[in-house]
Amino acid sequence: MKKIYFLMGAWAVSALIACHHHNHEEQHSHETKAEAGHDEHAHHDDEIILPEKKASTAGIVTETVKPDTFRRIIKTGGQILAAPGEEITVAATTAGIVRFARTLTAGTHTAHGNILLHLTADRIEGGDPTERARITYQNARKEYERALPLAEKQIVTQKELENLKAASENARIAYEALAPSHSRQGTAIAAPAAGYVKTILVKEGEYVTTGQPLLTLTKNRRLQLRADVSERHYNALSQISSAHFRTPYDNSVYALEKMHGHLLSVGKSQEKNSPYIPVVFEFDNTGNIVEGGFAEVFLTGDARTNVITVPVSALTEEQGLYFVYLQEDKEIYRKQEVKTGADDGLRIEILTGLKPGDRIVTQGAYHVKLASASNIIPAHTHSH
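Nothing here was measured: the structure is a model prediction, and the numbers come from that model.

Conventions adopted
Residues numbered from 1 in each chain as written. Predicted model: local features only at pLDDT ≥ 70, side-chain atom pairs only at ≥ 80, totals over all residues. Heavy atoms only, no water. Helix = DSSP H or I, 4+ residues; strand = E, 2+ residues; numbered from the N terminus. Buried < 20%, exposed > 50% of the residue type's maximum accessible area, 1.4 Å probe, protein only. Arc of directions from axis to C-beta. Contact = heavy atoms within 4.5 Å. Pairing = 2+ DSSP bridges. Axes fitted to C-alpha atoms, helices over the stretch in contact; angles between N-to-C directions. Salt bridge = Lys/Arg side-chain N within 4 Å of Asp/Glu carboxyl O. Core = buried A, V, L, I, M, F, W, Y, C linked by side-chain atoms within 4.5 Å.

Novice: How would you sum up the overall build of the chain? Please name residues and give values.
Specialist: Each helix and strand counted, the chain has five helices and 24 strands in total. Counting only residues that meet the buried cut, the chain has 34% of its 384 residues in that class.

If you want it as structure tokens, here you go:
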């Protein structure tokens with residue numbers, strides 16, 4: 001009988017232990033599934049994890065998407081030109097041989113009054129023109145002074161006296177025009193205004209005559225933007241009010257409304273031998289803009305409302321498709337494909353892919369792209 005009780009007790013203990021072990025495994029299984037479900041909910045395959053500190057170091061900037069006004073855009077090409085009155089031609093005040101006072105090249109800056117070159121009469125038949133003008137003036141003045149007492153005695157007529165006086169005055173004006181700029185180096189040619197050398201029309205040692213153009217200066221303070229517009233946009237030109245443009249040498253986009261710019265004229269017909277209609281603006285050269293250079297032009301027209309736009313810097317491109325990066329949490333980003341519309345060089349219209357309230361990366365999108373490509377997100381592991 002004792003043996004039977006012992007066997008029954010052992011069986012009961014074994015059953016209890018087995019039951020307890022089964023419950024523990026079932027509970028552990030439920031916990032593992034719950035945690036796995038939580039991980040599946042918290043992390044998705046398209047999520048990009050970029051720690052907040054690294055995002056700040058990389059210069060990540062975001063903004064919230066919201067509809068706003070956006071102007072109609074005509075994108076075309078154009079050229080930067082000098083504004084009227086901003087270009088000066090420097091001419092020879094006398095004949096002579098060109099001697100540059102300093103090294104001059106296109107783009108050299110000069111202050112008002114700076115000596116640019118000298119015109120010398122060395123070894124030229126007739127001698128120094130300034131010296132000749134001085135002698136001519138002295139002789140003309142002496143002739144006039146000699147005739148004064150003779151006119152009182154009516155030996156010289158009044159008409160002859162007037163002619164002698166006029167000759168003396170003309171000789172004086174000619175001499176005084178040359179004398180201030182004359183030195184041992186010859187007649188100095190100074191800059192009539194501050195500006196930049198645009199074109200040099202003569203060479204060292206070249207002989208020039210009085211009035212011959214020597215070089216051109218540009219003040220470079222006011223410039224013109226000439227946009228060449230296809231005739232298919234003719235009906236929309238009446239709505240054009242301003243423009244943005246981008247130069248190839250610094251890739252910066254300039255907005256005329258921030259440069260005291262205004263519309264000067266819109267062509268009413270195509271120019272001869274050109275398929276384009278000219279649209280001309282004038283603006284302050286507040287940047288380092290090169291006169292004569294070509295530009296990509298964004299003509300801005302009438303405003304449209306309720307348009308979603310993002311900065312051009314927010315876009316990344318892959319095989320002809322465009323993407324932005326959404327910030328879904330402080331450290332979580334996601335790539336979003338978008339369809340784009342018109343752009344003004346600074347902002348671009350988004351037709352599909354974004355909605356109001358989305359938060360997007362506007363600066364540093366490339367760093368977020370690198371974070372995605374370099375597999376920054378570690379594989380999730382669970383340990384007990």
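Novice: Quick one: what's the story with helix H5 (residues 365-373), residue by residue and with numbers?
Specialist: Residue pairs three or four apart in sequence face the same way in an α-helix, which turns once every 3.6 residues. Every buried residue belonging to H5 is among Ala365, Val368 and Ala371, and all of these are buried. Along the axis of H5, the buried positions cluster into a sector of 115°, meaning they face one direction only. Across H5 from its buried face, at more than 90 degrees, point the exposed residues Tyr366 and Ala373. The inward-facing, buried residues of H5 abut strand E1 (47-49), strand E20 (316-318), strand E21 (321-327), strand E22 (332-343) and strand E24 (359-363).

Novice: How would you summarise unusual backbone geometry if you had to cite specific residues and measurements?
Specialist: A negative phi holds for most residues other than glycine; trans holds for most peptide bonds. At His260, a position not held by glycine, the phi torsion is positive, near 55°. Secondary-structure assignment places His260 in the loop between strand E15 (253-255) and strand E16 (262-266). A positive phi angle is found at Gln319, which is not glycine, with a value near 55°. By secondary structure assignment, the location of Gln319 is in the loop between E20 and E21. Gln319 sits in the exposed class, given a relative accessible area of 83%.

Novice: Go over the sheet that holds strand E6 (residues 109-110), please, and point to the residues and values.
Specialist: Across the sheet, which stays open at both edges, the four strands sit in the order E4-E12-E10-E6 with antiparallel pairing between neighbours. Strand pairing shows two members of the sheet lacking a second neighbour, strand E4 (87-91) and E6, which therefore form its edges.

Novice: I'd like a description of the sheet that holds strand E13 (residues 222-230), backed by residues and values.
Specialist: Read across the open sheet, the seven strands follow the order E15-E14-E18-E3-E13-E17-E16; overall the sheet is antiparallel. At either end of the open sheet lies a strand with only one pairing partner, and these are E15 and E16. The sheet shows a mean angle of 35° between the axes of neighbouring strands, taken without regard to direction. Sheet topology note: the strand E14 (residues 242-246)/E15 ladder contains three bridges and is antiparallel. Residue pairing across strands places His244 opposite Ala255, the latter belonging to E15.

Novice: Please set out the pattern of salt bridges residue by residue, giving values where relevant.
Specialist: Applying the stated criterion across every chain yields a total of 17 salt bridges. The partner of Glu63 in a salt bridge is Arg347, with the nearest N and O atoms 3.0 Å apart. Within this pair, whereas Glu63 is found in strand E2 (residues 61-64), its partner Arg347 is found in strand E23 (residues 347-352), the two being separated by 284 residues in sequence. Looking at Glu63, the relative accessible area reads 23%, which means it is partly exposed. Connected through shared salt-bridge partners, Glu87, Lys198 and Glu291 make up one network.

Novice: How would you explain the nonpolar core if you had to name every residue and give the values?
Specialist: By size, the foremost hydrophobic cluster in this structure holds 21 residues, and its most contacted members are Ile80, Leu225, Phe245, Phe281, Phe283, Ile289 and Leu299. Those elements that place two or more of their residues in this core are strand E3 (68-82), E13, E14, strand E17 (276-284) and strand E18 (294-307). In contact with Ile80, other than residues within four places in its own chain, are Leu223, Gln224, Leu225, Phe245, Phe283, Ile289, Val290, Glu291, Gly292, Gly293 and Ala295.

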